[in-house]
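For reference, the chains in residue letters:
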Amino acid sequence: MKKEHVFEVVRSLVAILLAMLLGFIVTYLVSKQPGEAFQSFLTGPFTSPRRFGNLIEAAIPLTFTGLAVSMAFQAAQFNIGAEGQFFFGATAATIVGITVPAPGWLHPILALAVGGVAGAFVGWIPGVLKARWGASELVSSLMLNYVFFRVGMYLINYHYRDTTAGAMVSLPLKETSWLTQFLPPTRIHYGIFVAILAVIFTYLFLYRSRWGYALRMTGLNLPFANYSGINTTSVITYSQVISGVVAGIGGAVEMLGIYHRFQWLALPGYGFDGIIVAILARNNPLGIPLAALFLAYLRTGADIMARTTDVSAEMITVIQAVMILLVTAQAFLAGWKHRIVVKEAKQSV
Amino acid sequence: MSEMLQAIFSTSFAYSVLRVTTPLLFAALGGLVSDLAGVINIGLEGMMLAGAFAGVVVSAFTHSAFLGLVAAVASGVLMALILGYFSLKLKTDIILAGIALNLFASGGTVFLLYLVAHDKGVSTSLASKVLPQVTIPILDKIPVLGPIFSGHNVLVYVAMIAAVVVWYYLYRTPAGLRLRAVGENPNAADSVGISVHRVQFTALIISGILSGFGGAHLSMGYVSWFARDMTAGRGFIGLAAEALGGRTPVGTVLASVFFGIADALSNYLQSLSIPSEFIQAVPYALTVIALAVYARQQTRKRARLAKLSQNPEKKAA
Amino acid sequence: MDVLLEMKGIEKIYPNGVVANQGVDFSVAPGEIHALVGENGAGKTTLMKILFGLEQPEGGTITYKGKPLHIASPHVAIANGIGMVHQHFMLVPSLSIAENVVLGLEPKRGLSFDWKAAVSQTEELAARYNLPVNPTARVQDVPVGTRQKVEILKALMRGAELLVLDEPTAVLTPQETTELFAALKKLKSQGHTIIFISHKLREVKEISDRVTVMRAGRLIGVTDTATATERDISRMMVGRDVVLHVDKPPTTPGDAVLRVEGVRYVADTGKEVVKGVSFEVRAGEVLGIAGVEGNGQRELVEILTGLRKPSAGRVIAAGKNVTGKDCRAVRQAGVGHIPEDRMTHGVAGLGTIEENLIADRYDSKALNPRFLLSLKSVSELGKKLVKEFDIRTQSPKTPVKMLSGGNIQKVVVAREFSANPKLIVANQPTRGVDVGATEFIHKKLLENCAEGAGVLLISADLNEVMSLSHRLAVMYGGEIVAVFPNADEVTEEELGLYMLGVKRMKLAAGSEAS
């Protein structure tokens, strides 16, 4: 068992290194200044407090969507809808931020809560469709991303648009709703504490509560959970709902902490990033922040590289794709693993 | 309202239905073949995107629409090989591999677009070619039918032919029998010496070819340029159409046309004064509803089949 | 003696570390029926999978027809005339019998599949080997015995000279078994060689020329069937005499803990699979239900335990009406359930032993003293049950899938029995479980019964159901067709007649088996 664990870790590391190596090779082939590109990619995030701040800021939404996706994964459910939940949570928080008059301490709490409820609603639909009729949550949550993207855009464009601004943006959020950026010159904001709370909550929920236990057993073996008296219909629903809450709050945090007015014109992609965060962390809530930081590091590095050299930042999307492929490849390096197992078994015979 | 009805019952509307259905049909047929072989292809979206991109770039550099089409299909196949290699050989979860493939295509096309066109949005700076339009003799003279069915780009007709070929392949050839056997019980196929991986690889490659056509239609027929993420969920809608069609060729075609109508409708209504966001959400919302209804019937049917196979004696008793 | 096949020094270690074969030598003569026997988990199936190219060994050589043969895949095995009929049929249910038979060797006309040729080829083959089937029927619509014939036809279609049958009789009725044996003898007379995996010694004696015995992944010995007694072979299999009799304490049954009244179940296909079953189980007794599998027992058990809703009738468990209630309600009424398939219903394989042990009480006050689960209480419970139920493991935190079949079943039994049920529904409780664990489970079952629980035992293993039960009933075709108030007075032969539907008792409706 011990050796198998070590093997898993080593395999993930090899997979990550291979994916990055591929990125470097591509950079080398296309760039006129590959050396500078590598350097700004790898060390860029540590060259100034502001850039380091960018890394931390980027890790916050990734933590939320990573937690959301891993919660669903633990119940053996897909949540590809974290994208739409995050987006709709941000939309809802924006509306609260613009319209509700509230004192400074209450306003963000209110906006986060409404963001969470919005995310919960988006998560509830695929959850209940799956639980009741077995409709694939994969396809429904995917489609709902586009549905709620459009609904969100409609709300902002038709009701809360700032007509005086040149671009398609919403009215500014009232300052009372902002999550204070407390570490200038970075934009690191109080949302980081919300993220930490979310990690602790998810961990306690999954591993220390009866509902989390029921969720995990349902994920491991659904007929068994049913037989044991676990209400799996409700487990499937609440796993998606809580997943939606976490993603929705994530969207709200991003809006209140960083943007202060709604300005997305497309789905921002955090939901899909959440999938790779969850995979890298092996769905363990305590590993999620580390995986999120790692991904944020790659992101920030790629952005800096794109700004300072001739390599575009989309390269990082390709690297991420290769990481998903390799990290989840059961048979990747399996021959090596089999030899370890055989050797151990022979010794114990 | 009457304006709307007038628009819907026009030949140009029916014409546009065929046009927007084509990429959905390609994707849906690709999804059908791989699904029946037991490999759910979430990567259709990425395969189409790669095809759309390769078509534009290669046709721009070779000044040949045909070579562009070949490149589109080839890149669809290449994506299928990547998906197959990881999911079948390296045992990556097929759904995660599909998601990764989509990310790969989404990021990779923009990355390459920037290299060749120095733009991260659209390829309009490239002089890419479009596929020829086909005027069908005799038919084009017939009122109503002519304006609807004639004058499309060649891939619209290829899609119609592909539907028939896919049906024939699946239900009338030994290879199709093997493919369905592999999808339903891979162990059974394996036990008679059929290579499950080879059949599934083949299915994915067919999926890739069809997606490549679908992508070429988007960037070399529907419009004449490549735009980032221009497939806009069509691969997923194709997948939904295949599921809605009950995993049969005929059902898949009907469902694709249904989604095509929804899509065309949203384009039409958009030109009226209804908020475009809602109209754009309609196909996706319809898909969710259709999926739920379908899943409800399907689970009942599946439960019945499962019971049958568990208790075969019942039938005899 | 001639040798057709020789396997030497075969080693197989599975990726999870289980050593399935250790230096196994195995040889078969041409034209013989060779029985390969051993308990579950002895490594018989693994050895045959290696022969058929489904598994690759870590060591050893295979010589076939005098030449070394590397069997990289079933394709190689088939090409060399080796055919295998698997324990779990390898058929495609929605395809016709003819399509299944020709799969991989499809006749063609132009580009198309030649359906007519497929049907006629199947008919010819069936006639030649006396294995009658209807080629146009769908596999999903035919009984198990026919499916097995299809499997054999498939192998013969591919020119199999050496035919491996993995526990072919496990799913057959005695009649079907007789038919199968006749067919096998005919195959032998036509020059085919047959390897027959079994752990039913009577069948081995009846059909085979020689026997190879395996135990715990090793070869124990080879003997001529004619010169060995069943007792000899069984001693080689388990290393000691099998305990065939269980000491069953006498019982004075109390009140009914289960009353089943006219339960019916109509499947979605419209077929009635449970046809008005009524009986009672009293506290302190074991009621055994014997019967060939697939006669409605599974549906009945699932109805009693909340996994399925009946179409009609009532179920009263421990005085509570639980008709149509879910598993939770049935459990709360005081019903424990040892399910038929432990890996599907009994455990979560990737979960730890501890996690599996608390599945029915994870939300109890005892484990949730405050808001959260008490890890300490969970761990204490785990340790206690592992000890009490003799679950062989390094730690209660080991994932269940790392355990042997017998120990996994003990995890199920530990959870179900420790809840102090008033009624235990045990469906095939020792299937695929080693002898030691079987004895242990039997002992625990009778202990619980002696302490006042009622036990409903459903088993296809006549030996088990006869030795444990106080009263016996027989289920056939969805009905209770016989009731024996004293299980000790019934002979195996007599039960067999009821199980096969040859005989049935006249039972008053509504008072059957009560």
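Residues take numbers from 1 onward in each chain, read along the sequence in its written order. Here chains are named by letter from A upward and ligands by number from 1 upward, in the order in which they appear as written. Reporting in this predicted model follows two pLDDT cut-offs: at least 70 for local features of residues, and 80 or more for side-chain atom pairs to be given and counted; totals over whole chains, interfaces and linings ignore these cut-offs and use all residues.

Next up on the list: the overall build of chain A. The helix count covers DSSP runs of H or I at least four residues long, the strand count covers runs of E at least two residues long, and both are numbered beginning at the N terminus. What chain A contains, in helices and strands, is 14 helices and zero strands. For chain A, the N- to C-terminal ordering of α and β elements is α-α-α-α-α-α-α-α-α-α-α-α-α-α. We take the radius of gyration over the C-alpha atoms and set the globule estimate at 2.2 Å times the residue count to the 0.38 power. Over its C-alpha atoms chain A spans a radius of gyration of 21 Å, differing by no more than 12% from the 20 Å that the globule rule assigns to 349 residues. Along the first, second and third principal axes, the C-alpha atoms of chain A reach 75 × 60 × 35 Å. Looking at chain A as a whole, 58% of its 349 residues qualify as buried. If you take every contact in chain A between residues at least 6 apart in sequence, the share linking residues at least 24 apart comes to 77%. Put plainly, a residue is buried at 20 or more neighbouring C-beta atoms within 10 Å of its own, exposed at 12 or fewer, and partly exposed in between, counting only other residues' C-beta atoms, which are placed from the backbone. Here, residues touch in the contact sense if the C-beta positions derived from the backbone fall within 7 Å of one another.

Let's shift gears to unusual backbone geometry. For the bond running from Pro184 of chain A to Pro185 of chain A, omega is 10°, close enough to zero to count as cis. Tracing the backbone through its elements, the reader meets Pro185 of chain A in the loop between α6 (137–159) and α7 (191–208). In this structure, Asp390 of chain C takes a positive phi of about 55° despite not being glycine. Turning to its location among the elements, Asp390 of chain C is positioned in the loop between α13 (375–388) and α14 (405–418). The class of Asp390 of chain C is partly exposed, set by 14 C-beta atoms lying within 10 Å.

Each domain's extent was defined by an automatic or database domain assignment. For chain A, the domain assignment lists domain 1 (1–31 + 312–349) and domain 2 (59–310). Gly is put with the polar residues, along with every residue not named as nonpolar or charged; the nonpolar set is Ala, Val, Leu, Ile, Met, Phe, Trp, Tyr, Cys and Pro, and the charged set is Asp, Glu, Lys and Arg. When its residues are assigned to classes, the side of domain 1 of chain A that touches domain 2 of chain A shows seven nonpolar, four polar and no charged.

Facing 37 residues of chain A, the contacting portion of chain B comprises 41 residues. Counting residues per element, the ones that place at least two in the side of chain A that touches chain B are α5 (106–133), α6, α11 (270–280) and α13 (315–327) of chain A. Top contributing element to the side of chain A that touches chain B by residue count: α6 of chain A, with 14 residues. Across the side of chain A that touches chain B, the residue classes break down as 26 nonpolar, nine polar and two charged.

Moving on, we get to the confidence of the model for chain C. Residues and elements named next belong to chain C. The predicted model of chain C averages 86 in pLDDT, with 92% of residues at 70 or higher. Long-range and interchain partners of residues 510–514, a stretch whose pLDDT sits below 50, account for 15 contacts in this model, where long-range means more than four residues apart. Across the whole predicted complex the pTM is 0.80, and at the interface the ipTM reaches 0.83. Residue-level confidence of the predictor is what pLDDT reports, using numbers from 0 through 100.

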